[in-house]
Amino acid sequence: FEKHSRYGRGVMVMKQGSCISLGLVGSRIIREARCLKTYSIDNPIAVNDTLVEDSFLAGNEPLYRFMSYSLVIFIPQSAIFEVLKDKKMAWKNCARWRYLRTCLIKWSRDRNDDVHMETCSGREA
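First, a word on what this report is: a plain description of the structure on this page. (Residues numbered from 1 in each chain as written. Predicted model: local features only at pLDDT ≥ 70, side-chain atom pairs only at ≥ 80, totals over all residues. Heavy atoms only, no water.)

1. What about the sheet that holds strand β6 (residues 71-76)?
- Pairing is antiparallel in the open sheet, where three strands are placed in the order β4-β1-β6. Strand pairing shows two members of the sheet lacking a second neighbour, β4 (44-45) and β6, which therefore form its edges.
- Where strand β1 (residues 10-16) meets β4, two bridges bridge the pair, whose relative direction is antiparallel. When the sheet's bridge partners are listed, Met12 is paired in β4 with Ile45.
- In the packing of helix α3 (residues 77-86) onto the sheet, the strands contacted are β1 and β6, and the crossing angle to β6 comes to about 55°. (Pairing = 2+ DSSP bridges. Helix = DSSP H or I, 4+ residues; strand = E, 2+ residues; numbered from the N terminus. Contact = heavy atoms within 4.5 Å. Axes fitted to C-alpha atoms, helices over the stretch in contact; angles between N-to-C directions.)

See the structure below:
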């Protein structure tokens, strides 16, 4: 599961079953995660990723797999943005910090990838 076919990205909350994050989906490739993340009952999934723009995650969209029958509540990104638009304090007190955290994680991941590429190309010389 990458995103809902009709509603796009959003937050998922497990009500029954379990889920595992396998890695990131890029342009036609799947990059394996450095560590596997598991999600169980009442664990929200993709809370931070939902707040950033689609273009921001391009090439780094998480890939989730459900290990068995699972009951999941899906909250579309559009519904979350509607609430944040009406509840300014929710953005100020919480959402903006989650947005920043997601941006910093992506920046760090991109930087690590750049360093890894430099290291690999340096070894070949």
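2. Overview of the nonpolar core
- One finds Met12, Met14, Cys19, Tyr39, Ile45, Ala46 and Tyr64 forming the largest nonpolar core, which totals seven residues.
- Those residues in contact with Ile45 that lie beyond four places of it in its chain are Gly10, Val11, Met12, Met14, Cys19, Tyr39 and Tyr64.
- Val11, Leu51, Ile80 and Leu84 belong to the second-largest nonpolar core, a separate cluster that totals six residues. (Core = buried A, V, L, I, M, F, W, Y, C linked by side-chain atoms within 4.5 Å. Buried < 20%, exposed > 50% of the residue type's maximum accessible area, 1.4 Å probe, protein only.)

3. Focus on a nonpolar patch on the surface
- Nonpolar side chains collect at one region of the surface, where Trp97, Leu100, Leu104 and Trp107 lie side by side and expose about 460 Å² of accessible area between them.
- Position of Leu100 among the secondary structure elements: in helix α4 (residues 88-124).
- Residue Leu100 is classed as partly exposed on the basis of its relative accessible area, which comes to 38%. (Patch = residues over 30% accessible without salt bridge, like charges linked within 9 Å, V, L, I, M, F, W, Y side chains within 5 Å. Areas by Shrake-Rupley, 256 points an atom, 1.4 Å probe, with all protein chains shown as cover. Salt bridge = Lys/Arg side-chain N within 4 Å of Asp/Glu carboxyl O.)

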